[in-house]
Amino acid sequence: MEFTKKGGLRGEVTVPGDKSISHRAVMFGSIAKGLTEIHGFLQGADCLSTISCFEKMGIAIENQGDRVLVHGKGLRGLTPPEMVLDCGNSGTTTRLISGILSAQDFDVTLTGDESIQKRPMKRIMEPLSMMGADIKSIHDNGCAPLFIHGTRLKGISYTSRVASAQVKSAILLAGLYAEGTTSVTEPFVSRNHSELMLSLFGAQVASEGTTASIRPASELYGTKVEVPGDISSAAYFIAAGLMVPGSELLIRNVGVNPTRDGILHVCRKMGADLELLNLRKDRGEPTADILVRHSNLHGTEISGAVIPTLIDELPMIAAMACVAEGETVIRDAAELKVKESNRIAVMTEGLTAMGANVRETEDGMIITGGAPLHGAVINSCKDHRIAMTFAVTALCADGVTTIQDADCVNISYPGFYEDLRRLAP
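I will try to describe carefully the structure that is included in this document.

Each value, and the rule that gives it
- Residues numbered from 1 in each chain as written.
- Predicted model: local features only at pLDDT ≥ 70, side-chain atom pairs only at ≥ 80, totals over all residues.
- Heavy atoms only, no water.
- Helix = DSSP H or I, 4+ residues; strand = E, 2+ residues; numbered from the N terminus.
- Buried < 20%, exposed > 50% of the residue type's maximum accessible area, 1.4 Å probe, protein only.
- Contact = heavy atoms within 4.5 Å.
- Areas by Shrake-Rupley, 256 points an atom, 1.4 Å probe, with all protein chains shown as cover.
- Lys, Arg positive; Asp, Glu negative; His and termini not counted.
- Charge placed at Lys NZ, Arg CZ, Asp CG, Glu CD.
- Pairing = 2+ DSSP bridges.
- Expected span 1.5 Å × (residues − 1).
- Polar contact = N/O pair within 3.5 Å; in protein donor to acceptor, adjacent residues only side chain to side chain.
- Phe/Tyr/Trp six-rings, centres within 6.5 Å; stacked < 30°, edge-to-face > 60°.
- 1 Å grid on protein atoms, 1.4 Å probe; cavity = no way out; pocket = protein on both sides within 12 Å on 5 of 7 lines; lining within 4 Å.
- Points joined across faces, edges and corners; volume = space filled by probe spheres on them.
- Nonpolar A, V, L, I, M, F, W, Y, C, P; charged D, E, K, R; others polar.

Description of the overall build of the protein chain
Reasoning step 1: Looking only at helices and strands, the protein chain features 12 helices and 23 strands.
Reasoning step 2: Along the first, second and third principal axes, the C-alpha atoms of the protein chain reach 60 × 40 × 40 Å.
Reasoning step 3: Considering the protein chain as a whole, with its 425 residues, one finds that 60% of them fall into the buried category.
Reasoning step 4: Residue pairs at least 24 apart in sequence account for 75% of intrachain contacts in the protein chain once pairs closer than 6 positions are excluded.
Reasoning step 5: Here the protein chain displays about 15200 Å² of accessible surface, and carbon together with sulfur accounts for 49% of that area.
Reasoning step 6: Between the mean site of the 40 positive side-chain charges and the mean site of the 49 negative ones, the protein chain shows a separation of 3 Å.

With respect to the pairing of strand 4 (residues 60-63)
Reasoning step 1: Relative to strand 5 (residues 67-73), strand 4 is paired through four bridges, and the arrangement is antiparallel. Its bridge partner lying in strand 5, N63 is registered against V68.
Reasoning step 2: Taking the residues that link successive antiparallel strands as the turn, the strand 4-strand 5 hairpin has three residues, and the phi of G65 there is positive, at about 95°.

Here we look at the environment of S233
Reasoning step 1: Checked against the element boundaries, S233 lands in helix 7 (residues 231-243).
Reasoning step 2: Residue class for S233 comes out buried when judged on its relative accessible area of 1%.
Reasoning step 3: Spatially, the C-alpha atoms of S233 and G29 are 24 Å apart, while their sequence positions differ by 204 residues.
Reasoning step 4: In contact with S233, other than residues within four places in its own chain, are V15, P16, S412 and Y413.

Details of helix 1 (residues 19-30)
Reasoning step 1: The end-to-end C-alpha distance of helix 1, which contains 12 residues, comes to 17 Å, matching closely the 16 Å that a straight helix rising 1.5 Å per residue would cover.
Reasoning step 2: Along helix 1, 12 of the 12 residues are buried, which leaves the element largely enclosed by surrounding structure.
Reasoning step 3: When we look at burial in helix 1, the residues that qualify are K19, S20, I21, S22, H23, R24, A25, V26, M27, F28, G29 and S30.
Reasoning step 4: A side-chain oxygen of the first residue of helix 1 lies 2.9 Å from the backbone nitrogen of S20; this N-cap is D18.

Notes on the packing of aromatic side chains
Reasoning step 1: Tallied over the entire structure, the rule returns seven aromatic pairs.
Reasoning step 2: Seen from their ring centres, F3 and Y417 are 5.5 Å apart, and the 40° between their planes marks the pair as tilted. Separated by 414 residues along the polypeptide, F3 in strand 1 (residues 2-4) and Y417 in helix 12 (residues 416-423) bring together distant segments of the chain.
Reasoning step 3: Seen in terms of ring centroids, F28 and F201 are 6.1 Å apart; in terms of plane orientation they differ by 85°. Their pairing is edge-to-face. Taken together, the positions of F28 in helix 1 and F201 in the loop between helix 6 (193-200) and strand 12 (205-208) put the pair 173 residues apart, joining distant regions of the chain.
Reasoning step 4: The exposure class of F28 is buried, given its relative accessible area of 0%.
Reasoning step 5: Every member of this aromatic cluster is reached through a ring pair, and the members are F3, Y236, F237, Y413, F416 and Y417.

Some thoughts on the layout of surface pockets
Reasoning step 1: Each pocket or cavity is described by its volume, and for the largest pocket that value is around 630 Å³.
Reasoning step 2: A163, S164, I311, E335 and K339 are, among the 38 residues lining the largest pocket, the residues nearest its centre.
Reasoning step 3: For the lining of the largest pocket, the elements supplying multiple residues, two or more each, are helix 1, helix 3 (91-101), helix 5 (165-175) and helix 11 (384-393).
Reasoning step 4: Partitioned by chemical class, the residues of the lining of the largest pocket number 11 nonpolar, 10 polar and 17 charged.
Reasoning step 5: Considering only enclosed or pocket space, the second largest pocket measures out at about 340 Å³ in volume.
Reasoning step 6: Considering the residues around the second largest pocket, the lining is formed by 19 residues, among which N89, D113, E114, S115 and K382 are closest to the centre.
Reasoning step 7: By residue class, the composition of the lining of the second largest pocket is six nonpolar, five polar and eight charged.

Quick look at the structure:
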């Protein structure tokens with residue numbers, strides 16, 4: 001797809017439901033007893049992969065669009081699938097479902113697309129194996145496809161080397177079935193959607209500092225889940241409003257969970273004109289409307305504990321730094337190398353092609369803002385976050401920017417280009 005420089009973006013937008021919360025609502029609803037009603041579900045390819053996997057294990061799921069009904073069968077209600085479970089492009093599906101499947105009384109094979117088959121799974125295989133799980137990488141390379149032989153589990157106290165909500169959640173979900181308490185300690189607190197939602201379904205979950213723990217459950221119970229707008233999707237419009245002169249945008253009903261709102265803190269550090277309106281808390285997850293206006297941004301340093309709260313937004317933040325005054329340093333972000341693409345390398349290459357002054361480091365980037373941007377041909381590497389980042393960046397660049405494999409945005413935001421064009425006619 002091709003994009004060109006635009007004047008001010010103006011108007012309102014409601015972004016799709018939070019991807020992390022949508023995944024978890026289907027998973028937890030499937031292993032809960034009774035009906036779970038999900039409102040605001042994200043109809044993206046990743047979340048549809050989660051639905052497909054649980055349908056193949058005997059769970060009736062009515063996908064009515066904005067509302068999804070999950071007819072859960074309880075913690076032990078899943079049935080053996082007749083085929084390999086395909087997780088598509090979804091790391092969340094692959095890792096979290098592994099925690100659940102490790103405790104079932106049947107065998108299953110998990111696979112995914114080319115990207116998933118390169119992403120690291122040892123980070124869940126090791127702690128699950130410590131719990132007694134029988135989980136193997138079929139090609140013995142620490143990646144999918146995975147073969148899981150369900151077995152009895154025991155609780156552990158695990159110290160994770162990475163702050164990863166997917167690792168933490170896989171262990172906590174296995175802990176639902178394990179003998180004794182299971183706990184996970186992280187170097188920094190990662191997204192806590194699993195802890196909040198498991199409590200909503202009736203699990204005994206506790207958090208203290210960077211440690212989350214869970215007691216084994218006899219049953220979970222279906223409930224109603226309201227999915228707020230995904231702040232990772234909102235990030236592109238936050239950035240567009242700040243970067244493009246003359247812009248003023250209102251992004252409605254965005255989840256502002258403190259373990260996810262790092263981009264708001266970074267934008268304010270960079271001098272953003274940004275307000276939260278109508279702040280409210282809906283069944284565990286805080287939400288707000290976000291008003292952004294074009295701002296003269298300046299560089300900053302992004303590192304340490306804030307990184308897990310904005311890991312998916314770092315590509316967009318790197319692009320924002322290109323139009324900011326001075327230097328922006330991103331550190332402690334090596335996790336970007338093992339996402340849908342190596343996002344450090346891909347962002348450095350793409351922004352450099354557009355004329356930006358960007359230097360790749362071992363765990364991040366150093367960006368000197370102010371260099372004039374121009375159009376370029378961008379290889380998205382079929383990474384939805386890369387494609388959306390460069391679509392926004394192109395609005396500030398002279399000439400034409402062409403994004404290859406642009407349809408990968410369907411993974412998390414199928415209507416992204418339509419919303420962007422509506423606001424930037």
